[in-house]
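Okay, here's what each chain looks like letter by letter:
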Amino acid sequence: MPASRKIDSTARLVAEWPLSPAATLGSSVRARGIFLEMRARLPTDLRSLLHSESRVLTLRLPEGSHANVEAASAIVSKAMQDIEDLPVMPREVEDILTISAGERHRWLKAGRLKSAGTRTVKLRGRARKITFHVFDPRLIEDVLDRDLVAVWREEDAERAAENRRRAAAKAALKRSQKSRGAAETDDSQSEAVHSKLRGWEDFESDGLLR
């Protein structure tokens, strides 16, 4: 994530766009993500004009600069119209719902967190690209409002406990079968010894050992 740039105190404020709770879903990570998304939509030479200040996007023109702030303002204003529908990124989901990456992956695989599609990006300074799932903000808002995370965690705990019980029962059964098999082996060996001894008694009764 790019480091925050220090704002020039002499730069003139041209426009500002407050980020509503419906847009950020109460997440500072989401607010940062929206800023980066808006900045990426600007031409390269205008990106340095956009700033994020306490969940407010601001457009500032440094003293002596002749950058086309009107064009930049028009681009951001248009993009902000649909800002509440901007897909939620994985790290944003984790921050909004206060969940781990492992839980996100597990619940996505289970169909609890439904994907709204995928996005592919190129990592900075690398040739490799990564693809990841994004999420519908209304879905994430619904999960948050209904406290489904607590429900899913309880279900996961119950399932884990049941799996442990089954594993313990299976292990006990295996030990029992092993013990029974060992006992049967001992009985067979004992019977074989007794049979052998009975054979010698017969041998002796016939007078063959005299």
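Here, every reference points to the structure presented above.
Here is a short report on the structure shown in this document.

### Description of the sheet that holds strand β2 (residues 50-52)
Sheet architecture is open: 3 strands sit in the order β1-β3-β2, paired in antiparallel fashion. Looking at the sheet topology across the chains shown, the edges are occupied by β1 (12-18) and β2. For this sheet, the mean inter-axis angle between neighbouring strands, taken without regard to orientation, is 25 degrees. Taken together, the 6 bridges between β1 and strand β3 (residues 56-61) define a ladder with antiparallel strand orientation. Bridged to Ala15 within β3 is Leu59. Contacting β2 and β3, helix α2 (residues 28-40) crosses the sheet at an angle of about 180 degrees to β2. Running at roughly 5 degrees to β1, helix α3 (residues 69-80) makes contact with β1, β2 and β3 of the sheet.

### Description of the environment of Leu19
Among the structural elements, Leu19 can be located in the loop between β1 and α1 (21-24). The class of Leu19 is buried, set by a relative accessible area of 9%. Each C-alpha atom of the pair Leu19 and Ser54 lies 9.1 Å from the other, and the pair is 35 residues apart in sequence. With sequence-adjacent residues up to four places away left out, Leu19 is seen in contact with Thr24, Ala31, Ile34, Arg55, Leu57 and Met80.

### Some points on α3
For α3, which comprises 12 residues, the first-to-last C-alpha distance of 16 Å matches the rise-based estimate of 16 Å (1.5 Å per residue) to within 8%. Residues Val69, Ala72, Ser73, Val76, Ala79 and Met80 constitute the buried set of α3. The arc that holds every buried residue of α3, seen down its axis, measures 135 degrees, which confines them to one face. With respect to the buried face of α3, the exposed residues turned more than 90 degrees away are Glu70 and Lys78. Those residues of α3 that are buried are in contact with β1, α2, β2 and β3.

### Some words on the pattern of salt bridges
Taken as a whole and judged by the stated rule, the model has 15 salt bridges. For the salt bridge of Arg41 with Glu37, the shortest nitrogen-to-oxygen distance reads 3.2 Å. Residue class for Arg41 comes out partly exposed when judged on its relative accessible area of 40%. Notably, a salt bridge pairs Arg153 with Glu103, separated by 2.9 Å at the nearest N-O pair.

### A few points about the packing of helix α4 (residues 90-97) against helix α6 (residues 137-145)
Contact pair α4 / α6: the axes reach a minimum separation of 10 Å and the direction vectors enclose 20 degrees. Judged by the angle between their axes, α4 and α6 are roughly parallel. Along this stretch, α4 crosses α6, giving a crossing that reads as right-handed. Taken together, the residues of α6 that come into contact with α4 (itself represented by Val93, Ile96 and Leu97) are Ile140, Val143 and Leu144.

Rules used throughout
Residues numbered from 1 in each chain as written. Predicted model: local features only at pLDDT ≥ 70, side-chain atom pairs only at ≥ 80, totals over all residues. Heavy atoms only, no water. Pairing = 2+ DSSP bridges. Helix = DSSP H or I, 4+ residues; strand = E, 2+ residues; numbered from the N terminus. Axes fitted to C-alpha atoms, helices over the stretch in contact; angles between N-to-C directions. Contact = heavy atoms within 4.5 Å. Buried < 20%, exposed > 50% of the residue type's maximum accessible area, 1.4 Å probe, protein only. Expected span 1.5 Å × (residues − 1). Arc of directions from axis to C-beta. Salt bridge = Lys/Arg side-chain N within 4 Å of Asp/Glu carboxyl O. Parallel < 35°, antiparallel > 145°, perpendicular 65-115°, else oblique. Left-handed = near helix turned anticlockwise from the far one by under 90°.

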